[in-house]
Amino acid sequence: MTGTAFITHPSCLQHEMGPGHPECPDRLTAIADQLIASGLDAHVTRYEAPRASVEQVARVHDRRYIDAIEAASPASGLRYLDPDTALNPQSVPAAFHAAGAVVHAVDLVCGGKHRNAFCAVRPPGHHAESRRAMGFCIFNSVAIGAAHALAVHGLSRVAIVDFDVHHGNGTEEMFTDDPRVLMVSTFQYPLYPYSGVDNPAPNMVNIPLSAGNGGTEFRDAVRKHWLPALDDHEPELILVSAGFDAHREDPLAGLAFVEDDYAWVTRELIDVAGRHAKGRIVSTLEGGYALSALGRSVVAHLRELITH
Ligand SMILES: [Zn+2]
């Protein structure tokens, strides 16, 4: 077992939702550029993401929803699923490959080939509900990965960690009251999608932060709420909804994280994974819209995954 897998697919660069849309292909280019500039690209093993099967996606999404998404795929132009979320001809393939990336990452990490993995994919996934696309998301890739780990790798407990600035309402909807899956998150509130603050399910540890909060408040929340819950749950695999839009430079929200906060939380998660999960972490990209900050933050996250 060695090192870190880095998984992506060309279709993820071809999914595009119109001029000026913040969830744009340049996000992945910015990550690739910073990976090279940092020298970290030499220390990851690259994989091209397979396409997730309908069966894999259907572990968390309604089959009629999957059929409707495939039917909505346009031959040209854009088709809108919600005011923020559109399909071009490459979007549905990209969504299947983004989910397939996380499934493959779970296979690599649970199969002992790599200690951890990062999926540099888009569209993101954590807002996608079992029957609804929203908030730039089509299929909930991290949820598909978690369900795959439980169904195929014989795990009985996984954790999904979400530090995107927006609450992962889709992940919450799919796993509320599923004792096999612990979700821990922080998010700005009030902010889109205005969920996460009123779920009494014991497996949901969703901690709102206020506009202007930064690393101090984030680290306090992680220490006080996430880490005890994670240690109680003893996850055999940690999946990360790695959104970087809580960065102080991000234009879509108002938290004030910096790169070192992402490095810090990654080290904390590595420690938890070392205690309970044989070190196994599968991380996938969610948000992050300030291109330079996104690239630097992913590098900070990956540097910890690679070196620990
Ligand atoms: Zn977000």
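Our subject is the structure listed above.
Notes on the structure in this doc start here. All of these numbers come straight from a predicted model, not from anything done at the bench.

Criteria and cut-off values
- Residues numbered from 1 in each chain as written.
- Predicted model: local features only at pLDDT ≥ 70, side-chain atom pairs only at ≥ 80, totals over all residues.
- Heavy atoms only, no water.
- Salt bridge = Lys/Arg side-chain N within 4 Å of Asp/Glu carboxyl O.
- Helix = DSSP H or I, 4+ residues; strand = E, 2+ residues; numbered from the N terminus.
- Buried < 20%, exposed > 50% of the residue type's maximum accessible area, 1.4 Å probe, protein only.
- Donors = N, O, S within 2.8 Å, 3.2 Å for Na, K, Ca; no water.
- Tetrahedral: all angles 85-135°; square planar, octahedral: opposite > 155°, others 65-115°.
- Polar contact = N/O pair within 3.5 Å; in protein donor to acceptor, adjacent residues only side chain to side chain.
- Phe/Tyr/Trp six-rings, centres within 6.5 Å; stacked < 30°, edge-to-face > 60°.
- Lys NZ or Arg CZ within 6 Å of the ring centre and 35° of its normal.
- Axes fitted to C-alpha atoms, helices over the stretch in contact; angles between N-to-C directions.
- Parallel < 35°, antiparallel > 145°, perpendicular 65-115°, else oblique.
- Contact = heavy atoms within 4.5 Å.
- Nonpolar A, V, L, I, M, F, W, Y, C, P; charged D, E, K, R; others polar.
- Pairing = 2+ DSSP bridges.

Next up on the list: the pattern of salt bridges. The tally for this structure, following the rule as stated, stands at 14 salt bridges. Note that D261 and R219 form a salt bridge whose closest N and O atoms lie 2.9 Å from each other. Here D261, found in helix α9 (residues 259-276), pairs with R219, found in helix α8 (residues 215-233); they are 42 residues apart in sequence, far enough to count as distant. Across the pair, exposure class does not vary: D261 and R219 are buried alike.

On the protein side, the zinc ion has D164 (OD), D164 (OD), H166 (ND1) and D245 (OD) as donor atoms, found 2.0 to 2.8 Å from it. Geometry at the zinc ion is irregular, judged from the 4 donor atoms that bind it and their angles of 51 to 152° at the metal. Read in sequence order, the donor residues for the zinc ion give the motif D-x1-H-x78-D. Given the relative accessible area of 1%, D164 is considered buried. Taking relative accessible area as the criterion, H166 reaches 8% and is therefore assigned buried.

For the rest of this paragraph, the subject is the side chain of D261. On the basis of relative accessibility, which here comes to 5%, the residue D261 falls in the buried class. Of note is the side chain of D261, whose polar atom sits 2.9 Å from the side chain of R219.

Here the focus is the packing of aromatic side chains. Scanning all chains against the criterion turns up 12 aromatic pairs. These aromatic residues form a ring-pair network of at least three members: F163, F218, W226, F244, F257, Y262 and W264. If you follow R51 out to its NZ or CZ, it ends over the ring of F96, 4.2 Å from the centre.

With that out of the way, let us pick up the packing of α8 against α9. As a packed pair, α8 and α9 sit with axes 11 Å apart at the nearest point and diverge in direction by 10°. One element, α8, and the other, α9, form an angle in the roughly parallel class. Side by side, α8 and α9 meet where G215, F218, R219, V222, R223, W226, L227, L230 and D231 of the first sit next to D260, D261, W264, V265, E268, L269, V272, R275 and H276 of the second. Within the contact of α8 with α9, the residues separate by chemical class into 9 nonpolar, 2 polar and 7 charged.

Along strand β8 (residues 204-209), 5 of the 6 residues are buried, which leaves the element largely enclosed by surrounding structure. Summarising the sheet, strand β7 (residues 181-188) and β8 pair through 6 bridges and their orientation is parallel. Bridge assignment links T186 to a residue of β8, and that residue is I207.

What follows is about the sheet that holds strand β1 (residues 4-8). Pairing is parallel in the open sheet, where 8 strands are placed in the order β2-β1-β5-β10-β9-β6-β7-β8. Every other strand in the sheet has two partners, leaving β2 (44-48) and β8 as the edge strands with one partner each. With direction set aside, neighbouring strand axes in the sheet form an average angle of 15°. Pairing geometry for β1 and β2, over 5 bridges, is parallel. Within the sheet, the bridge partner assigned to T4 lies in β2 and is V44.

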